[in-house]
Amino acid sequence: MENLGVGMDLFGGIFKGKKVLVTGDSGFKGSWMCLWLKALGADVYGYSLPPKTTSDNFVTTRLNEKIYHQDGDIRDLDSMKSFFRKVNPDIAFHLAAQALVIQSYDDPVETFSSNLMGTVHFFECVRATPSVRVAVNISSDKCYDNKEWVWGYRENDPMGGKDPYSASKGCAELIFNSYLNSYFNRSGACAVASGRAGNVIGGGDWAENRIIPDVFRAVQQNSPVQVRNPHSTRPWQFVLEPVFGYMKLAEKLWNSPSEYQSGWNFGPLDNHNYSVGQLLEKVQARIPSLKIQSPEIVGKPHEAHLLKLDVSKAVTLLNWRPLLNFHQTVEFTVQGYLDELNPGKDLYEARLAQIESYSQNYFIPISNDIPA
Ligand SMILES: NC(=O)c1ccc[n+]([C@@H]2O[C@H](COP(=O)([O-])OP(=O)(O)OC[C@H]3O[C@@H](n4cnc5c(N)ncnc54)[C@H](O)[C@@H]3O)[C@@H](O)[C@H]2O)c1
């Protein structure tokens, strides 16, 4: 299967035949986005650091044989600009970032330089490349000033962030806003927007200190998974949910450049937020051999406990909505990892099958969760 079945294009055909540039294509979300774009008939060009491990989705799906990829650093403006000039893309997505909270404590300089100057460089490249009609920056739910309250953050809430990662994402949003107001907020300019999503899970993610990769490392090693914050609540989403949102946003910007230039939240619906413990219970129901330990760690770095997004804006104005309930989210995720642990499986085909199956959910209403 090289392309999605007829009727499975959720974006009105806007990506077909277009040149789409994706930074961070070697990462978790970027690789899934490239697979989807390619299946929709786009010419896909990726720019990022090389994949970190041979287990990364980029490697196991042989993405470098399917798209044009160039190794490059977003902190290097000249290199990035010359890539944009070479490609002359119609649409650009910026996903490259130092994306881990714990890593940001270890190396704040790398985090701030990649996530701040990387964002500046992205918009400089867009500005210098007239072919780009639409550019979408990818940020995070952690960009908001987290007050640990029960309400979901709205797009007009203040930016903030205590740890270096969260602060870098708050800053990246201010950079986006500055570029929007200074350069792109006029007729004929490139249409730009920023997408903010929550905790994303799905096959192909092997990053350090993320709960689901930790679970499947533990399953592989037949050892218990160590859980840092079992009571923390997160807006868990299957990886294709925010990617669907970013691509929907690009479609809207393409068709109506001035109407959608702002920040957009993508997350579960209000009553679909669950704790780390509830997530693990669901995974354990599917993989009974999974053992869980939550040792009390003294002096662990601060991480937010309660984090929810209000997605009313995207649901009302973008014609986007989450397509999976919590149960389906865990099912898609576990299946993605089981496919990886099956040595005979063609992962490129397996990922496309998940994209097709996910897309089919667009045509049926979301069902209530089934208890574990
Ligand atoms: N995964 C999540 O749960 C989550 C949640 C909210 C927001 N996000 C955001 O979504 C985006 C993608 O996240 P992900 O989960 O795919 O992360 P990832 O760590 O899997 O991938 C990051 C990508 O960025 C690239 N990169 C990092 N530093 C770079 C640099 N200096 N130059 C060039 N490339 C560089 C990496 O090579 C990789 O391709 C990031 O902006 C991240 O902050 C992720």
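Residues numbered from 1 in each chain as written. Predicted model: local features only at pLDDT ≥ 70, side-chain atom pairs only at ≥ 80, totals over all residues. Heavy atoms only, no water.

1. Section: the overall build of the chain
Across its full length, the chain holds twelve helices and 13 strands. The C-alpha atoms of the chain give a radius of gyration of 19 Å, which matches the 21 Å a tight globule of 372 residues would have. Expressed along its principal axes, the backbone C-alpha trace of the chain runs to roughly 55 × 45 × 40 Å. Buried positions account for 57% of the 372 residues belonging to the chain. Contacts in the chain between residues at least 24 apart in sequence constitute 81% of all its contacts with a sequence separation of at least 6. Carbon and sulfur atoms make up 51% of the accessible area of the chain, which totals about 15,000 Å². In the chain, the 36 positive side-chain charges and the 40 negative ones have mean positions that sit 3 Å from each other. (Helix = DSSP H or I, 4+ residues; strand = E, 2+ residues; numbered from the N terminus. Rg over C-alpha atoms; globule rule 2.2 N^0.38 Å. Buried < 20%, exposed > 50% of the residue type's maximum accessible area, 1.4 Å probe, protein only. Contact = heavy atoms within 4.5 Å. Areas by Shrake-Rupley, 256 points an atom, 1.4 Å probe, with all protein chains shown as cover. Lys, Arg positive; Asp, Glu negative; His and termini not counted. Charge placed at Lys NZ, Arg CZ, Asp CG, Glu CD.)

2. Digging into the nonpolar core
In terms of nonpolar packing, the biggest core is built from 63 residues, with F15, W36, L37, F93 and M247 touching the most fellow members. Those elements giving two or more residues to this core turn out to be β1 (19-23), α1 (28-39), β4 (91-94), β5 (134-138), β6 (191-197), α8 (240-255), β11 (263-266) and α12 (347-360). At nine residues, α8 tops the list of elements feeding residues into this core. Beyond its immediate chain neighbours, meaning those up to four positions away, L37 contacts F15, V20, V22, A42, V44, F93 and M247. With 24 residues, the next largest nonpolar core counts M80, V87, V120 and Y179 among its residues. (Core = buried A, V, L, I, M, F, W, Y, C linked by side-chain atoms within 4.5 Å.)

3. So, the environment of V120
Checked against the element boundaries, V120 lands in helix α5 (residues 108-128). Considered as a pair, V120 and Y179 are 59 residues apart in the sequence and their alpha carbons are 8.4 Å apart. Every residue in contact with V120, bar those within four places of it in the chain, is listed here: I175 and Y179.

4. Digging into the packing of aromatic side chains
For any pair of aromatic rings, geometry is given as the distance between the ring centres together with the angle between the planes. Applying the stated criterion across every chain, the model contains 30 aromatic pairs. Plain terms: the ring middles of Y246 and F266 are 5.9 Å apart, the flat faces sit at 85 degrees to each other, and that makes the pair edge-to-face. Placement of the pair is Y246 in helix α8 and F266 in strand β11, with a sequence separation of 20 residues. The two residues Y246 and F266 agree in class, both being buried. Within the aromatic cluster, the residues linked to one another by ring pairs are F11, F15, W32, W36, F93, F238, F244, F332, Y358, Y362 and F363. The cationic tip of K66 hangs over the ring face of Y348; the distance from NZ or CZ to the ring centre is 4.1 Å. (Phe/Tyr/Trp six-rings, centres within 6.5 Å; stacked < 30°, edge-to-face > 60°. Lys NZ or Arg CZ within 6 Å of the ring centre and 35° of its normal.)

5. Comments concerning α5
For α5, which comprises 21 residues, the first-to-last C-alpha distance of 29 Å matches the rise-based estimate of 30 Å (1.5 Å per residue) to within 8%. The sharpest bend along α5 reaches about 25 degrees and sits at G118. (Expected span 1.5 Å × (residues − 1). Bend = angle between axes of the 7 residues up to and from the residue.)

6. Regarding the sheet that holds β1
Ordered in space as β3-β2-β1-β4-β5-β6-β11, the seven strands form an open sheet in which the pairing is parallel. Whereas interior strands pair on both sides, the edge strands pair on one side only; in this sheet they are β3 (68-71) and β11. The mean inter-strand angle of the sheet, taken between neighbouring strand axes irrespective of direction, is 20 degrees. Note that β4 and β5 share four bridges and pair parallel. Across the sheet, residue I91 finds its bridge partner in β5, namely V134. Across the sheet, helix α3 (residues 77-87) lies against β1, β2 (43-48), β3 and β4, angled at about 175 degrees from β2, the strand it touches most. (Pairing = 2+ DSSP bridges. Axes fitted to C-alpha atoms, helices over the stretch in contact; angles between N-to-C directions.)

7. Here's the deal with α1
Over its twelve residues, α1 runs 17 Å from end to end, which matches the ideal 16 Å to within 8%, given 1.5 Å per residue. Of all twelve residues in α1, eleven are buried, a share of seventy percent or more. Backbone geometry just downstream of α1 places G41 in the positive-phi region, at approximately 90 degrees.

8. What to know about the site of the ligand
Near the ligand lie 26 residues; those nearest to it are S26, K29, I74, Y165 and K169. Measuring from an oxygen atom of the ligand, one finds a backbone N or O atom of L95 at 3.5 Å. In this structure, A97 approaches the ligand through a main-chain N or O atom, which is 3.2 Å from an oxygen atom. Within the complex, 92% of the 820 Å² of free accessible area of the ligand lies under protein. Where the shell around the ligand is concerned, the elements lending two or more residues are α1 and α6 (164-184). When grouped by side-chain class, the residues that make up the shell around the ligand number eleven nonpolar, ten polar and five charged. (Near = heavy atom within 4 Å. Polar contact = N/O pair within 3.5 Å; in protein donor to acceptor, adjacent residues only side chain to side chain. Nonpolar A, V, L, I, M, F, W, Y, C, P; charged D, E, K, R; others polar.)

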